[in-house]
Amino acid sequence: MQHDQLAASGRTGMRPARRNIMCCALALAFFLLAARLDLAERLTQAFARQEHWQLDELVLSLLVLVLALAGLAVRRERQVALLLAQNRALTQRLLRAQEEERCALARELHDEVGQDCTAIRAAASYILRAGTSDQANVLHACAASIARSSEALHAMVRTMLRRLRPPVLDSLGLEAALQALCDSWAQQHGIACHFAPHAIPAGLDDSTATAIYRLVQEGLTNVARHAGADRATVELRADAHGLLHLAIEDNGQGLRQYAQQESGFGMLGMRERVAGLRGHIRWISALGNGLRIEVALAARCAA
């Protein structure tokens, strides 16, 4: 059984253009049917027999009502489109503010906590160079404890820095960062992961690059937690229309297993991140044959 979910920014049910085409086709079909049956003439004859009920005015009244409803529907559609655009802009601003806050926190951790860790290690090294008296033995034990604590603190800070802001994005760029992410993930979880980049444009803006990195990070995390897969593939390519296409695929148990294990929160986060960039995301799954996540985003470059 195929499960195909599509989350597109600004899309609520059928697209407006498709609805307009269907309405025009329905109106044309009704016109042809009415012309075939001489419907207007028959209604005129029927209403003429009931002139005391003024039924001949009913058609005009209904026409005015339909036009009024059509105008109201157009107005409501424009209001909904405006609200959706405002929501997209708000989501994008929230994501940008979140990333800026993460960058600021990462810099503060690097400058303050990292400096303290270096000072602790220097003091511990100085104590370790003391003599061999009984007091020196105590100092040695304290220094060894300080060194262990500082190393643990330093490792924690480095882990927090990687979680708050991927440093490889700034130093290596998106393609190399994704390759490093796939390699480290495969080594950590023992699952083969192949990264296939194709014609990725240089100079992508920070929000787009960060979003793609976070999407791959979340997708691979879900594979490790819920898929039960032994192989994953990450593809990223750009087409001739200026769109980036990201695909994350595994050979695990499929979409239903994700939904049962995670209650959809990981998927919701991915959907919101993509919608904030006015992109499209969908999950394609065949039960027991794995899951494929497809994302399409505009390839926006930094100014």
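As shown above, the structure is provided for reference.
This text gives an overview of the structure that appears in the document. (Residues numbered from 1 in each chain as written. Predicted model: local features only at pLDDT ≥ 70, side-chain atom pairs only at ≥ 80, totals over all residues. Heavy atoms only, no water.)

We now examine the overall build of the chain. Looking only at helices and strands, the chain features 9 helices and 6 strands. Buried positions account for 29% of the 303 residues belonging to the chain. Pairs at least 24 residues apart make up 71% of the contacts formed inside the chain by residues separated by at least 6 positions. Counting every atom, the chain has about 19,400 Å² of accessible surface; 59% of that belongs to carbon and sulfur. (Helix = DSSP H or I, 4+ residues; strand = E, 2+ residues; numbered from the N terminus. Buried < 20%, exposed > 50% of the residue type's maximum accessible area, 1.4 Å probe, protein only. Contact = heavy atoms within 4.5 Å. Areas by Shrake-Rupley, 256 points an atom, 1.4 Å probe, with all protein chains shown as cover.)

Counting 40 residues, the largest nonpolar core has L220, V234 and L246 as its most contacted members. Those elements that provide at least two residues to this core are α6 (174–189), β2 (192–198), α7 (206–227), β3 (231–238), β4 (243–250), α9 (265–276), β5 (280–286) and β6 (291–298). Apart from residues lying up to four places away in sequence, L220 is in contact with L181, C182, W185, C193, A232, V234 and I248. One finds L109, V157, L161 and L164 within the second-largest nonpolar core, a separate group that totals 5 residues. (Core = buried A, V, L, I, M, F, W, Y, C linked by side-chain atoms within 4.5 Å.)

A separate point is α7. Between its first and last C-alpha, α7 extends 30 Å over 22 residues, near the 32 Å set by a 1.5 Å rise per residue. Burial within α7 is extensive, with 16 of its 22 residues counted as buried. (Expected span 1.5 Å × (residues − 1).)

A few words on a nonpolar patch on the surface. On the surface, L62, L65, L69 and L72 cluster together into a nonpolar patch covering about 370 Å² of accessible area. In this fold, L65 is placed in helix α3 (residues 58–128). Taking the relative accessible area as the measure of exposure, L65 reaches 46% and is therefore partly exposed. (Patch = residues over 30% accessible without salt bridge, like charges linked within 9 Å, V, L, I, M, F, W, Y side chains within 5 Å. Salt bridge = Lys/Arg side-chain N within 4 Å of Asp/Glu carboxyl O.)

In this section: the side chain of R273. Residue position: R273 is located in helix α9. Every residue in contact with R273, bar those within four places of it in the chain, is listed here: L95, Q98, E99, A211, R214 and L215.

Here we come to the pattern of salt bridges. The final tally for this structure, using the stated rule, is 4 salt bridges. As a salt-bridge pair, R292 and E235 come within 3.8 Å of each other at their nearest N and O atoms. Of this pair, R292 sits in strand β6 while E235 sits in strand β3, and the two are 57 residues apart along the sequence. For E235, a relative accessible area of 31% puts it in the partly exposed group.

Another point: the pairing of β3. Here 7 bridges tie β2 to β3, and the two strands are oriented parallel to one another. Bridge pairing links H194 to T233 in β3. Taken together, β2, α7 and β3 form a β-α-β motif whose crossover is left-handed. (Pairing = 2+ DSSP bridges. Right-handed = clockwise from strand over helix to strand, strands pointing away.)

This part takes up the environment of L105. Looking at the element boundaries, L105 is found in helix α3. Given a relative accessible area of 35%, L105 falls into the partly exposed group. Separated by 55 residues in the primary sequence, L105 and M160 place their C-alpha atoms 9.7 Å from one another.

Attention now goes to a negative patch on the surface. On the surface, E108, D111, E112 and D116 cluster together into a patch of negative charge. As for its placement among the helices and strands, D111 is situated in helix α3. (Lys, Arg positive; Asp, Glu negative; His and termini not counted. Charge placed at Lys NZ, Arg CZ, Asp CG, Glu CD.)

Moving on: the environment of H154. On the secondary structure map, H154 appears in helix α4 (residues 134–164). By relative accessible area, which is 25% here, H154 ends up partly exposed.

Attention now goes to the state of the cysteines. Using the criterion set out here, one finds 0 disulfides in the structure. For the unlinked cysteine C182, the closest cysteine sulfur is that of C193, found at 3.7 Å. With relative accessibility at 15%, the residue C193 sits in the buried group. (Disulfide = S-S within 2.5 Å.)

We now examine the packing of α6 against α7. Contact pair α6 / α7: the axes reach a minimum separation of 11 Å and the direction vectors enclose 15 degrees. Between α6 and α7, the crossing angle belongs to the class labelled roughly parallel. For the element pair α6 and α7, the recorded crossing hand is right-handed. Mapping the contact onto sequence places L174, A177, L178, L181, C182, W185 and H189 in α6 and A209, I212, Y213, V216, Q217, L220, T221, V223 and A224 in α7. (Axes fitted to C-alpha atoms, helices over the stretch in contact; angles between N-to-C directions. Parallel < 35°, antiparallel > 145°, perpendicular 65-115°, else oblique. Left-handed = near helix turned anticlockwise from the far one by under 90°.)

With 16 residues, α6 extends 22 Å between its outermost C-alpha atoms, agreeing within 8% with the 22 Å of an ideal straight helix rising 1.5 Å per residue. All of the buried residues along α6 are L174, A177, L178, L181, C182, W185 and A186. All buried residues of α6 project into a common sector of 160 degrees when viewed along the axis, lining one side. Turning to α6, the residues buried within the fold contact α5 (167–171), β2, α7 and β3. Where α6 terminates, the next one or two residues include G190, which has phi positive at roughly 70 degrees. (Arc of directions from axis to C-beta.)

Read these as geometric descriptors, not functional statements.
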